[in-house]
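Chain by chain, the residues run as shown.
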Amino acid sequence: TSNCQNEVLWTVAGALQPNSVQLRVKLSQPADSVRALVSTSNDLTQAIYSSYSFADTSNNQVAAISLTGLQPNTKYYYAIEANGVADTSADDIGEFRTPENGPFSYNFVTGSCNRRPETPTYADFLNYDAHFYLNMGDLHYDDPCDQDIFYHRDPYETRVFNQPLQAEVYRKMGFAYIWDDHDYCGNDANGSRFPGTIPARRAYREYIPHYPLQNDSSIYQAFDYGRVRFIMTELRSERLAGTTTMGAAQKQWFKNQLLDARDRKMLICWVSSYSWYGILADNWGGETAERRELSEFFRDSAIANMFILNGDAHMAAIDDGRNEIGRASCRERV
């Protein structure tokens, strides 16, 4: 066991809940005992500790840390301890805020299509007092499609978490994310037939703090935040082009999520990585039968309290519903 400081290279918090959080932390050296110390004070006094994790060659020195016992609607600061030595340098102390246990008001920021990893938009994110950043896909454009997991880990390192402006965002607010094609297995990649499918799913779990997943192969997920139920569907590895966008299991899960949120009188935010109103083969325009099926389900189930966040259109727009399917519009809801 080393008694020197193990440098924190980057850190990100996610899966925020009133009493818990998940962290992902990249260390400069392997460590067999890694934990977080968390405090409501930026000098980390009266800190509470997470359970132990590890960082070694099996996870590319990215430790997955879970912390419970937190207080709702509270801002926390955290540092990382590796093999008994904490890295408390100012630029390595992270921050996050837990949500209230019930309705409350808050801000979040959202985006997709990260072609320019150092766009100044990331600096703007820090001006909104946001609880979290929700990315709707194409977090990078490296188009990894290889059975070697290196090709899926490396873009998270070089195009995301090691980019200075992005790193500051991930260090100071929560993160929620679902992939699209460029950050899954390449441009227009649909389905699970690719050599990169399994390592892509593994790298996602290693690098991304996430809400509970449904099984070992899926990454779709949902969570409550205040009065909103966020439902993040995964429309790439589950897709069978020309037949289904979600796959049978995810589609049933999605419908169940909608009904549960409706019955609990929650506002619903559906995160779709590409355009619901699209007219192209590579968005919902390529699955018009399933889009109609879901539209009729929304209607018949009285899903009236929902808004949709779409990515992949390379524009910013707001649609209040008047450009619905049938008017040949591919305007996004964002």
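Everything below is about the structure printed above this text.
Because the structure is a prediction, the values reported are computed rather than measured.

**Student:** Just to check I follow, could you spell out the side chain of R201 for this structure?
**Tutor:** Along the polypeptide, R201 turns up in helix α4 (residues 197–207). In this structure, R201 is buried with no salt-bridge partner, the nearest side chain bearing the opposite charge being E238 at 4.1 Å. In terms of polar contacts, R201 uses its side chain to reach the backbone carbonyl oxygen of S217, at 2.7 Å.

**Student:** Whenever I open this one, the environment of V8 confuses me. Can you help?
**Tutor:** Assignment of secondary structure puts V8 in strand β1 (residues 8–17). Considered as a pair, V8 and H140 are 132 residues apart in the sequence and their alpha carbons are 22 Å apart.

**Student:** So what exactly am I meant to see when it comes to the pattern of salt bridges here?
**Tutor:** For side chains of opposite charge, pairing can occur when their charged atoms come near one another. All chains considered together, the criterion is met by 22 salt bridges. R171 is paired through a salt bridge with E168; the nearest N and O atoms lie 3.0 Å apart. Taken as a pair, R171 and E168 lie in helix α3 (residues 164–172) at a separation of 3 residues, close to a single helical turn. By relative accessible area, which is 12% here, R171 ends up buried. Counted as one network, the salt bridges with shared partners bring together D180, D181, R236, D282 and D312.

**Student:** Explain α4 here, please?
**Tutor:** Along an α-helix, residues three or four apart share an orientation, since each turn contains 3.6 residues. Within α4, 8 of the 11 residues are buried, which leaves the element mostly enclosed by the surrounding structure. Looking at α4, one finds that the buried residues are T197, P199, A200, R201, A203, Y204, E206 and Y207. Each element contacted by the buried residues of α4 is listed here: β1, β2 (20–27), β6 (62–68), α2 (150–161), β12 (174–177) and β13 (221–225).

**Student:** What should I look at first to understand the nonpolar core in this one?
**Tutor:** Generally speaking, a soluble globular protein has its nonpolar side chains buried in company with each other. One finds I80, Y133, Y156 and F161 to be the most contacted residues of the largest nonpolar core, which totals 67 residues. In terms of residues, this core owes the most to one element, β1, which gives 6 residues. With 22 residues, the next largest nonpolar core counts Y220, W253, M266 and L294 among its residues.

**Student:** I tried to follow the sheet that holds β1 on my own but got confused; where do I start?
**Tutor:** The strands making up a sheet are joined through hydrogen bonds of the backbone, oriented either antiparallel or parallel. Pairing within the open sheet is mixed, and its 6 strands lie in the order β6-β2-β1-β12-β11-β10. In this open sheet, the two edge strands, each paired with only one partner strand, are β6 and β10 (107–111). Ignoring which end each strand starts from, the neighbouring axes of this sheet average 30° apart. Note: strand β11 (residues 130–135) against β12, 4 bridges, orientation parallel. For Y133, the partnering residue across the bridge sits in β12 and is F175. Strands in contact with α2 are β1, β2, β6 and β12; relative to β1, the strand with the most contacts, it is inclined by about 95°. Seen against the sheet, α3 touches β1, β11 and β12 and runs at an angle of roughly 45° to β1.

What counts and how
Residues numbered from 1 in each chain as written. Predicted model: local features only at pLDDT ≥ 70, side-chain atom pairs only at ≥ 80, totals over all residues. Heavy atoms only, no water. Helix = DSSP H or I, 4+ residues; strand = E, 2+ residues; numbered from the N terminus. Buried < 20%, exposed > 50% of the residue type's maximum accessible area, 1.4 Å probe, protein only. Lys, Arg positive; Asp, Glu negative; His and termini not counted. Salt bridge = Lys/Arg side-chain N within 4 Å of Asp/Glu carboxyl O. Polar contact = N/O pair within 3.5 Å; in protein donor to acceptor, adjacent residues only side chain to side chain. Contact = heavy atoms within 4.5 Å. Core = buried A, V, L, I, M, F, W, Y, C linked by side-chain atoms within 4.5 Å. Pairing = 2+ DSSP bridges. Axes fitted to C-alpha atoms, helices over the stretch in contact; angles between N-to-C directions.

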